[in-house]
Amino acid sequence: MIQNAILVRYSEIFLKGKNKGFFEKTLLNNIINQVKDYDCKVTKISGRIMITDYLEKNEDRIINLVKNVFGVHSISPTKYFDTSRDNIESYIAKIQLPENEKFRITVKRADKTFPINSTEYSKILGGIVLDNNPSAIVDLHTYNVDINVDIREQNRTFVFFKVIAGVGGMPVGTSGSGLLLLSGGIDSPVAGYLMAKRGMPISALHFQSIPYTSEMAKEKVITLANLLSDYTGKIKLYICSFTKVQEAIHKYCKPEYMITIMRRIMIRIAEKVAKDNNLKAIITGESLGQVASQTIESITSTNIVANQIPILRPCIAMDKEEITVISKRANFFETSIQPYEDCCTVFLPKYPIIKPRLDKVEQEESKLDIDLLVEEAYKTIEILEINN
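Let me sum up the structure you'll find in this document. (Residues numbered from 1 in each chain as written. Predicted model: local features only at pLDDT ≥ 70, side-chain atom pairs only at ≥ 80, totals over all residues. Heavy atoms only, no water.)

**Considerations on the overall build of the chain**
When helices and strands are tallied, the chain shows 13 helices and 15 strands. Referenced to the eigenvectors of the C-alpha coordinate spread, the extents of the chain come out at roughly 85 × 40 × 35 Å. Within the chain, buried positions represent 52% of all 388 residues. Long-range pairs, those at least 24 residues apart, make up 80% of the contacts in the chain between residues at least 6 apart in sequence. Carbon and sulfur atoms make up 50% of the accessible area of the chain, which totals about 18500 Å². Here the chain carries 49 positive and 46 negative side-chain charges, and the mean point of each set is 4 Å from the other. (Helix = DSSP H or I, 4+ residues; strand = E, 2+ residues; numbered from the N terminus. Buried < 20%, exposed > 50% of the residue type's maximum accessible area, 1.4 Å probe, protein only. Contact = heavy atoms within 4.5 Å. Areas by Shrake-Rupley, 256 points an atom, 1.4 Å probe, with all protein chains shown as cover. Lys, Arg positive; Asp, Glu negative; His and termini not counted. Charge placed at Lys NZ, Arg CZ, Asp CG, Glu CD.)

**Re helix α12 (residues 358-365)**
Every buried residue of α12 is listed here: Val361, Glu364 and Glu365. In an axial view of α12, the angular spread of the buried residues amounts to 100°, which keeps them on one side of the axis. At its buried positions, α12 is contacted by α8 (258-276), α9 (296-303) and α13 (370-379). (Arc of directions from axis to C-beta.)

**Some details on the nonpolar core**
Grouped burial of nonpolar side chains is what soluble globular proteins tend to show. In terms of nonpolar packing, the biggest core is built from 36 residues, with Leu205, Ile249, Ile265, Ile269 and Leu368 touching the most fellow members. Those elements that place two or more of their residues in this core are β10 (178-181), β11 (202-208), β12 (235-241), α7 (243-252), α8 and α13. With ten residues, α8 is the largest single contributor of residues to this core. Among the nonpolar cores identified, the runner-up in size contains 34 residues, and Leu180, Ile186, Ala196 and Val221 belong to it. (Core = buried A, V, L, I, M, F, W, Y, C linked by side-chain atoms within 4.5 Å.)

**Structural notes on the sheet that holds β12**
Judged by pairing direction, the sheet is mixed, and its six strands sit side by side in the order β14-β13-β10-β11-β12-β15 without closing on themselves. The open sheet terminates on both sides in strands that have one partner only, identified here as β14 (311-312) and β15 (382-386). Where strand β13 (residues 281-283) lies against β14, two bridges are found, and the strand directions are parallel. Residue Ile282 lies in a different strand from β14, and its bridge partner there is Ile311. (Pairing = 2+ DSSP bridges.)

**A word on unusual backbone geometry**
Of note, the amide linkage connecting Ile210 to Pro211 takes the cis form, showing an omega dihedral of 15°. Along the chain, Pro211 turns up in the loop between β11 and α6 (215-232). Positive phi outside glycine occurs at Asn155, with the angle close to 60°. Within the fold, Asn155 resides in the loop between β7 (145-152) and β8 (156-160). Not every positive phi belongs to a glycine, and Asn331 is a case in point at roughly 75°. By secondary structure assignment, the location of Asn331 is in the loop between α10 (320-329) and α11 (333-336).

**Concerning the packing of aromatic side chains**
Tallied over the entire structure, the rule returns ten aromatic pairs. An angle of 50° between the planes, with centres 5.1 Å apart, marks the rings of Phe114 and Tyr121 as tilted. Its relative accessible area of 5% is what places Phe114 among the buried residues. When the ring of Tyr193 is compared with that of Tyr231, the centres are 5.0 Å apart and the planes differ by 80°; the resulting orientation is edge-to-face. Of the two residues, Tyr193 sits in helix α5 (residues 187-197) while Tyr231 sits in helix α6, which places them 38 residues apart along the sequence. By relative accessible area, which is 3% here, Tyr193 ends up buried. Here the aromatic residues Phe70, Tyr193, Tyr231 and Phe332 are joined through ring pairs into a cluster of three or more. Taking NZ or CZ as reference, Lys272 lies 4.6 Å from the ring centre of Tyr378, over its face. The ring of Phe333 carries the charged tip of Lys328 above its face, separated from the ring centre by 4.9 Å. (Phe/Tyr/Trp six-rings, centres within 6.5 Å; stacked < 30°, edge-to-face > 60°. Lys NZ or Arg CZ within 6 Å of the ring centre and 35° of its normal.)

**A short note on the pattern of salt bridges**
Applying the stated criterion to the full structure yields 18 salt bridges. Its salt-bridge partner being Glu365, residue Arg264 comes within 2.7 Å of it at the nearest N-O pair. With Arg264 in helix α8 and Glu365 in helix α12, this residue pair connects regions lying 101 residues apart in the sequence. Comparing Arg264 with Glu365, the two get one shared label, buried. (Salt bridge = Lys/Arg side-chain N within 4 Å of Asp/Glu carboxyl O.)

**Here's the deal with the packing of α8 against α13**
Where α8 meets α13, the closest approach of the two axes is 10 Å, and the angle between their N-to-C directions is 55°. Accordingly, the angle class assigned to the pair α8 and α13 is oblique. Note that α8 runs across α13; the crossing there is right-handed. The residues of α13 that touch α8, namely those facing Ile265, Arg268, Ile269, Lys272, Val273 and Asp276, are Ile370, Leu373, Val374, Glu375, Ala377 and Tyr378. Tallied by class, residues from the contact of α8 with α13 come to eight nonpolar, no polar and four charged. (Axes fitted to C-alpha atoms, helices over the stretch in contact; angles between N-to-C directions. Parallel < 35°, antiparallel > 145°, perpendicular 65-115°, else oblique. Left-handed = near helix turned anticlockwise from the far one by under 90°. Nonpolar A, V, L, I, M, F, W, Y, C, P; charged D, E, K, R; others polar.)

Next comes the structure, spelled out in structure tokens:
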């Protein structure tokens, strides 16, 4: 009996040796969670994951969901049946091609008990296609139709014509969790996306400065968190009022140090959130040299206040164009460019210091009660559960 299925492949997981089972199980569970709103069955077979028992009208939607799951290398809508020469050759004989169509046929034989090797069987099946399509042309390089026959263990053979790219990476949940500093810009959602691609579950922290920033700026960040959750699964979004911190810096410190001190206090608050919630890293969207707060001197000044938790900067060596490409591909860009300013635009100095000296920064900070500002800001945090 010929049945429909969606065949899901993964690649990097194969490198994990004795831990491969853990990564496969995590990926399987992530796919199950992604398609839970559809009545379908998700099972692991040898070296693949197979989705079956779905309504055919839902096939495209399921594929679009699964291709966004980190750890997925590629996907194919496929037909499958019990492995036998009769079944395979009968199916191939029914393939009808347009006049003068160029095609190739590729056989993979994971089941080594099948009596004919892949190369030889490709020739046999190609001959059957030509017998039933006399005008067709075999072309291994400029083909229009790609016929794939995957003979796998457990007595299953899959035939498919499309290979749809997935997002790759590692399954979310296979690395320690991280806290993303999520602004309303282009860079920070991309940073969260990139760390999730390495298997890291993501929580997010957003700083708002109402009344200097609008409620729409907050809604924009919630939308970005929703879009990010398409790839990461559930996100816990912490929203912290930063207004009093910025007012204090503006009142007591030299304006050129405003951004540097602000970033240092953000990191202190983020570290407290991370430690209290068992998160293993802080993630930022910084790119070296992109703005004044992202010179190596400014980054060093910020790093030094994180005493126990590392700061990860996956965009650090990317330029804006590279980050924008990922933003567009991940569907963040149109939301990120909406004109609702975040707290980083409040009280901006005309000439921010580019290469801050640590002793000067600490001298300016001494004018503030840092511990009190951090504690008061921490108490304002509200928590939203985001799951798109």
